[in-house]
Amino acid sequence: DIRWQDSDKGLQYIVDGEPQKGWLEAAGGKFYFNEEGYSHAGWVTDEKGRFYLYGDGTFATGFVTINDVERYFLPTGEYILLCNKWNPIPEDFELNLVMARNPHKMDASAAAALNEFLAAAKAAGYSIDVNNTYRSENSQKALFNRHVKRIVEEDGWSWERAWNQVAKSVLLPGQSEHNAGLAADLYSSDAGFKWMNENCWKYGFILRYPN
């Protein structure tokens, strides 16, 4: 018994009397069903990435404007977030925080990849430790202000001058990949760093802030 079932709460896909959950490819579309088994249109985030689904089961690809913000989606549907001082995190960006390396959390789309990367480093004989991953926007603001306060107190600068100086090297809240749960600060030996730089791309990462 396999059938579609429509109701006020949404569309369901029933197999042997049980509504399906998670991803399903059917009827020429790629549907996502929530924990109650109802199809979900809009943003979906899991370990596979971040997608924007339409009601007919198709997903956004290429450049698409959503909530007045132009986004870019790969041909396979994954959303690519460009995050920097010129492109702050969109207000409708939904975090899906999970434990990456205890006690550090990351977005589900990056956490598993980080652990695979760290396991590969260990297998290759390198110790790479995690110093920082997700930071809330409040934490980012506190970090920024600490740098400003230090310059004001140590160098006697005005708050405005110190703020402008810090803004050259420290991102404001909402401008950092850390706020999106997609970045990790790591430390290791020089040999470990060299291995990381040569291999991190295999796990979906880049060296974001070279010296």
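Since the structure is predicted, the reported quantities are computational estimates derived from the model, not experimental observations.

Visitor: Help me out: how do you make sense of the state of the cysteines in this one?
Guide: By definition, a disulfide links the sulfur atoms of two cysteines through a covalent bond. Scanning the model with the defined rule gives zero disulfides in all. Cysteine cysteine 200 shares no disulfide, and the gap to the nearest cysteine sulfur, in cysteine 83, comes to 18 Å. Accessibility expressed as a relative area gives 8% for cysteine 200, which makes it buried.

Visitor: When you look at helix 2 (residues 137–155) in this model, what are you seeing that I'm missing?
Guide: The periodicity of an α-helix, 3.6 residues per turn, causes residues three or four places apart in sequence to face the same way. Helix length check: helix 2 (19 residues) gives 27 Å between terminal C-alpha atoms against 27 Å at 1.5 Å per residue, within 8%. Buried residues along helix 2 sit against helix 3 (159–166).

Visitor: Quick question: what am I supposed to make of the pattern of salt bridges here?
Guide: Pairing between side chains of opposite charge can happen when the charged atoms of each approach one another. Taken as a whole and judged by the stated rule, the model has seven salt bridges. The partner of arginine 208 in a salt bridge is glutamate 177, and the shortest N-O contact between them spans 2.4 Å. Taken as a pair, arginine 208 in the segment after helix 4 (190–199) and glutamate 177 in the loop between helix 3 and strand 14 (185–187) lie far apart in primary sequence, 31 residues in all. Take arginine 208: its relative accessible area is 34%, and that puts it in the partly exposed class.

Visitor: Even after reading the chapter, I still don't get the sheet that holds strand 9 (residues 69–73), so can you show me in this structure?
Guide: The strands making up a sheet associate through hydrogen bonds between their backbones, and the pairing can be parallel or antiparallel. One open sheet holds the three strands; their spatial order is 8-9-10, and the pairing between them is antiparallel. The two strands at the open ends of the sheet, each matched to only one other strand, are strand 8 (62–66) and strand 10 (79–80). The pairing of strand 9 with strand 10 spans two bridges and is antiparallel. The residue bridging tyrosine 72 from the neighbouring strand is isoleucine 80, located in strand 10.

Visitor: Please explain the packing of helix 2 against helix 3 as it appears in this structure.
Guide: To describe two helices that pack against each other, one gives the angle between their axes and the distance between the axes. Viewed as axis vectors pointing N to C, helix 2 and helix 3 meet at an angle of 125°, and their least axial separation amounts to 9 Å. By the criterion of interaxial angle, the relationship of helix 2 to helix 3 is oblique. In terms of crossing hand, the pair formed by helix 2 and helix 3 is right-handed. Between helix 2 and helix 3, the residues in contact are Phe144, Asn145, His147, Val148, Lys149, Ile151 and Val152 and Trp159, Ala162, Trp163, Gln165 and Val166, respectively. In terms of residue class, the contact of helix 2 with helix 3 is built from eight nonpolar, three polar and one charged.

Visitor: Help me out: how do you make sense of the pairing of strand 7 (residues 49–53) in this one?
Guide: Across a regular strand the side chains alternate sides, sitting on one face of the sheet and then on the other. Burial of strand 7 is extensive: five of the five residues sit out of reach of the surface. The side-chain alternation of strand 7 yields two buried faces, one formed by Gly49, Phe51 and Leu53 and the other by Arg50 and Tyr52. For strand 6 (residues 42–46) and strand 7, the ladder comprises five bridges, and the chain directions are antiparallel. The partner of glycine 42 across the bridge, within strand 7, is leucine 53. Taking the residues that link successive antiparallel strands as the turn, the strand 6-strand 7 hairpin has two residues.

Visitor: Would you explain the nonpolar core in this entry?
Guide: Generally speaking, soluble globular proteins have nonpolar side chains that are buried together. The biggest cluster of nonpolar side chains holds 16 residues, and the ones touching the most others in it are Met106, Leu114, Phe117, Leu118, Ile128 and Trp195. With eight residues, the top contributor of residues to this core is helix 1 (residues 108–123). Leaving out residues up to four positions away in the same chain, phenylalanine 117 has contacts with Ile128, Leu186, Trp195, Met196, Cys200 and Tyr203. Grouped together as the second largest cluster of nonpolar side chains are twelve residues, Trp43, Ile66, Cys83 and Phe93 included.

Thresholds applied
Residues numbered from 1 in each chain as written. Predicted model: local features only at pLDDT ≥ 70, side-chain atom pairs only at ≥ 80, totals over all residues. Heavy atoms only, no water. Disulfide = S-S within 2.5 Å. Buried < 20%, exposed > 50% of the residue type's maximum accessible area, 1.4 Å probe, protein only. Helix = DSSP H or I, 4+ residues; strand = E, 2+ residues; numbered from the N terminus. Expected span 1.5 Å × (residues − 1). Contact = heavy atoms within 4.5 Å. Salt bridge = Lys/Arg side-chain N within 4 Å of Asp/Glu carboxyl O. Pairing = 2+ DSSP bridges. Axes fitted to C-alpha atoms, helices over the stretch in contact; angles between N-to-C directions. Parallel < 35°, antiparallel > 145°, perpendicular 65-115°, else oblique. Left-handed = near helix turned anticlockwise from the far one by under 90°. Nonpolar A, V, L, I, M, F, W, Y, C, P; charged D, E, K, R; others polar. Core = buried A, V, L, I, M, F, W, Y, C linked by side-chain atoms within 4.5 Å.

Just geometry here; none of it tells us what the structure is for.
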